[in-house]
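Each chain is listed here by its residues.
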Amino acid sequence: PMLRALTPLLFLVAALVVNVHVYGDRSLEGSNQLILLAAAGIAALLAPKDRTTQLWHGIQGTISDSTKAILILLMVGALAGTWMVSGIIPTLIGYGLKLFTPGSFLLAAAVLSAAVSLATGSSWSTSATVGIALMGIGQSLGLSPGWIAGAVVSGAYFGDKMSPVSDTTNIAATMAGAELTDHIRHMIWTS
């Protein structure tokens, strides 16, 4: 029974080690997801027959609960790609150099990142779009890249946690069985 329970985990660890050894830095390009699916398949095959129905009901419930977060992730990915292709990032750098001074830039970068992340629900997309523009502006103003990145990431994570369209905020509230607005209101104190 103990070996049966550990088999998927042992497979997962061994396959990930082999994957990193074979592909090196390229191992993050997709093969890890296949290994995770294979480990889940092994776990399903090794499940006791009398619990198989219960296992599949659990899988269906989890997928149903996380559908909203998956759709949000798809929309956010489309937004980030659109901003990059349409030239919004270079335009933001041009206007930012006219608007900001070195003394006000870090606070403005954190607030702007928070606002964009709050609107989009994604800290990663904010960092990948507005964050790149802010890095360019801040470095042109002579500021340290570490300070600029700290302001962008802090603002982006804060906005992401407070956003009602954030995938992580939605899925955390759903899995905890809490109302979304109550969840956000209570996170304000720690975020």
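Residues numbered from 1 in each chain as written. Predicted model: local features only at pLDDT ≥ 70, side-chain atom pairs only at ≥ 80, totals over all residues. Heavy atoms only, no water.

### Some thoughts on the environment of Leu-134
Within the secondary structure layout, Leu-134 lies in helix H7 (residues 130-140). Residue Leu-134 is classed as buried on the basis of its relative accessible area of 2%. Taking the C-alpha atoms as reference points, Leu-134 and Glu-29, 105 residues apart in sequence, are found 27 Å from one another. When near neighbours in sequence (up to four residues on either side) are disregarded, Leu-134 contacts Phe-105, Ala-109, Leu-112, Ser-113, Ile-148 and Val-152. (Helix = DSSP H or I, 4+ residues; strand = E, 2+ residues; numbered from the N terminus. Buried < 20%, exposed > 50% of the residue type's maximum accessible area, 1.4 Å probe, protein only. Contact = heavy atoms within 4.5 Å.)

### Here we look at the packing of helix H5 (residues 102-120) against H7
Axis separation between H5 and H7 bottoms out at 10 Å; the angle between their running directions is 170°. The orientation of H5 with respect to H7, classified from their angle, is roughly antiparallel. Between H5, through Phe-105, Ala-109, Leu-112, Ser-113 and Val-116, and H7, the contact on the second element is made entirely by Val-130, Leu-134, Ile-137 and Gly-138. When grouped by side-chain class, the residues that make up the contact of H5 with H7 number seven nonpolar, two polar and no charged. (Axes fitted to C-alpha atoms, helices over the stretch in contact; angles between N-to-C directions. Parallel < 35°, antiparallel > 145°, perpendicular 65-115°, else oblique. Nonpolar A, V, L, I, M, F, W, Y, C, P; charged D, E, K, R; others polar.)

### Describing the packing of aromatic side chains
The full count for this structure, using the stated rule, is one aromatic pair. Judged by centre distance (5.5 Å) and plane angle (80°), the rings of Phe-100 and Phe-105 are edge-to-face. The residues Phe-100 and Phe-105 share a single accessibility class, namely buried. (Phe/Tyr/Trp six-rings, centres within 6.5 Å; stacked < 30°, edge-to-face > 60°.)

### Comments concerning a nonpolar patch on the surface
Taken together, Met-2, Leu-3, Leu-6, Leu-9, Leu-10, Val-13 and Val-17 make up a surface patch of nonpolar side chains, about 700 Å² in accessible area. With respect to the secondary-structure elements, Leu-6 resides in helix H1 (residues 2-23). (Patch = residues over 30% accessible without salt bridge, like charges linked within 9 Å, V, L, I, M, F, W, Y side chains within 5 Å. Areas by Shrake-Rupley, 256 points an atom, 1.4 Å probe, with all protein chains shown as cover. Salt bridge = Lys/Arg side-chain N within 4 Å of Asp/Glu carboxyl O.)

### Description of the pattern of salt bridges
Going through the model one piece at a time under the given rule, you end up with one salt bridge. For the salt bridge of Asp-182 with Arg-185, the shortest nitrogen-to-oxygen distance reads 2.3 Å. Separated by three residues within a single helix, Asp-182 and Arg-185 lie in helix H10 (residues 180-187), roughly one turn from each other. Of the residues examined, Asp-182 reaches a relative accessible area of 33% and is grouped as partly exposed.

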